[in-house]
Amino acid sequence: MRSSLLLFGLISSQLVGVGAVFVTWGDSLTFGYGGTPYPEQLGALTGITTLNRGVNGETSTQIAARFLAEPALFGEHVVIWAGRNNFLEHEGVQSDIASMVSHLTTTDYLVLGIIARHDEYLGSSGQNAITAINLDLAATYGTHFIDIQHILVNAYDPLSPAEVLDFALHVIPDSLQHPDALHLNSAGYGVVAHTVADHFASNPGPAQTTFASNPEPAQTTLITAIGCAIGALGLRKRRA
């Protein structure tokens, strides 16, 4: 059993405009393969309608095509998590995400970085390629970007030798992953949901309102995310 992590940032603070909707674009990681999807947990956490536009197996190009086909959603609060299925196409991923962002009619959006498989450890070609994309995304989108790999890696249990090793290898701990070593389980998706909620709470849009958050929504009672502001500064959770 994992002890809960302290949630940095008050996600019950002011968030988004009245009538706002979260629209989450992505592949199977957004769809929620392997556990309770993060969009579902985000909606339960915030009480805000959340549309899950994740489709299993899609590349960033396919995600962008679906996005462009729904212009009515360009002004909502948008989360883009794309590129895992074609991360070796560095320029293509960058271009697809840029196309999506360029069509938004709101500044209330968030781009999540690509995550690595459990066997794509620090120094491997896979993680090197993913790190390169994430660095470029961070440089392009600034405060609209979160390196979710970093957040998840830092959600390890310092009392678990196996997870201390995961941390050293900069891979997501087993306790947050589905057995396929890529997708997340419900607790892992819970980290993503809390991180997204905390981001929008810390960066509210022009029209603000409040929402009543549940700090331990269904399926995420064992873990809460390290706040995105702390993660963005690159601070690591202290080892015991």
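As shown above, the structure is provided for reference.
Every chain is numbered independently, its residues counted from 1 as its sequence is written. A pLDDT threshold of at least 70 governs which residues receive local features in this predicted model, and a stricter bar of 80 or more applies before side-chain atom pairs are shown or counted, although totals over entire chains, interfaces and linings include all residues. As a convention, hydrogens and water are excluded, and side-chain values are obtained from all of the structure's heavy atoms.

Draft legend 1. Molecular detail of the sheet that holds strand β1 (residues 22-26). Following DSSP output, two strands are said to pair if at least two bridges run between them. Counting from the N terminus, the helices are DSSP H or I runs at least four residues long and the strands are E runs at least two residues long. The strand order across the open sheet formed by five strands is β2-β1-β3-β4-β5, and the pairing between neighbours is parallel. The sheet is open, and its two borders are formed by β2 (50-54) and β5 (145-146), each paired with just one other strand. Where β1 and β2 come together, five bridges link them in parallel fashion. Note on β2: the bridge partner recorded for V23 is L51. Contact criterion: two residues are considered in contact whenever any of their non-hydrogen atoms come within 4.5 Å of each other. Orientation is described by axes fitted as lines to C-alpha atoms, over the contacting stretch for helices, and by angles from 0 to 180 degrees between their N-to-C directions. Contacting β1, β3 (77-81), β4 (109-112) and β5, helix α8 (residues 186-202) crosses the sheet at an angle of about 145° to β4.

Draft legend 2. Structural view of helix α3 (residues 60-68). Partly exposed residues are those whose accessible area sits between 20% and 50% of the maximum for their type, while under 20% is buried and over 50% is exposed, using a 1.4 Å probe and protein chains only. Residues of α3 that are buried: S60, I63, A64 and F67. Angular distribution of buried residues about the axis of α3 spans 100°; they occupy a single face of the element. Buried residues belonging to α3 abut β1, β3 and α4 (90-103). The arc in question is traced by the directions running from the helix axis to the C-beta atoms.

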